[in-house]
Amino acid sequence: MKDVSLLVLSCSLYKNIWTPFFSLLKEYWPDCPLKIYLGSDKYTDSYAHDDHDITLLKTDIEPFAGNYTERVADFIGQVDSKYVLLFQ
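Since we're looking at a predicted model, the values are computed, not measured.

### Some points on the pairing of strand β1 (residues 4–9)
Counting buried residues in β1 gives five out of six residues, a clear majority hidden from the surface. Alignment of β1 against strand β4 (residues 83–87), held across five bridges, turns out to be parallel. Among the inter-strand pairings, S5 is bridged to a residue of β4, identified as V84. As judged from the five bridges shared by β1 and strand β2 (residues 35–41), these two strands associate in the parallel manner. Its bridge partner lying in β2, L6 is registered against I36. Of the crossover connections in this fold, the one passing from β1 over helix α1 (residues 18–28) to the parallel β2 is right-handed.

Right, dumping it as structure tokens:
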């Protein structure tokens with residue numbers, strides 16, 4: 001699974017649900033072997049979770065501005081693996 005990463009797409013408006021999301025990820029996929037990325041916007045300073053090593057990716061492309069695919073492409077371009085499992 002070294003060639004696959006998990007990318008969670010989000011933005012700073014939803015930061016209040018990140019911790020519950022990653023806690024449930026740990027509960028239902030406790031042995032997840034994938035490197036985990038969190039894609040957010042430029043307004044997110046940092047994020048950490050006790051159970052996961054999460055790499056924060058940022059983009060200057062504004063959320064909700066009709067350019068969703070550009071945001072996704074920007075995040076995928078920052079991931080260091082051949083394949084990406086995308087969570088929305």
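### Description of the side chain of H52
If you trace the backbone, H52 turns up in the loop between β2 and β3 (54–59). In this structure H52 comes out as buried when scored by relative accessible area, which is 13%. A polar atom in the side chain of H52 sits 3.0 Å from the backbone oxygen of F22. In contact with H52, other than residues within four places in its own chain, are F22, L25, K26 and I36.

### Notes on the packing of aromatic side chains
Counting across every chain of the model gives four aromatic pairs. Aromatic side chains F21 and F22 sit 5.0 Å apart centroid to centroid with 80° between the ring planes, which places their arrangement in the edge-to-face category. Geometrically, the ring pair formed by F22 and Y47 is tilted, given 5.8 Å between the ring centres and 35° between the ring planes. Taken together, the residues span a long stretch of sequence, with F22 in helix α1 and Y47 in the loop between β2 and β3 at a distance of 25 residues.

What counts, and at which threshold
- Residues numbered from 1 in each chain as written.
- Predicted model: local features only at pLDDT ≥ 70, side-chain atom pairs only at ≥ 80, totals over all residues.
- Heavy atoms only, no water.
- Buried < 20%, exposed > 50% of the residue type's maximum accessible area, 1.4 Å probe, protein only.
- Helix = DSSP H or I, 4+ residues; strand = E, 2+ residues; numbered from the N terminus.
- Pairing = 2+ DSSP bridges.
- Right-handed = clockwise from strand over helix to strand, strands pointing away.
- Polar contact = N/O pair within 3.5 Å; in protein donor to acceptor, adjacent residues only side chain to side chain.
- Contact = heavy atoms within 4.5 Å.
- Phe/Tyr/Trp six-rings, centres within 6.5 Å; stacked < 30°, edge-to-face > 60°.

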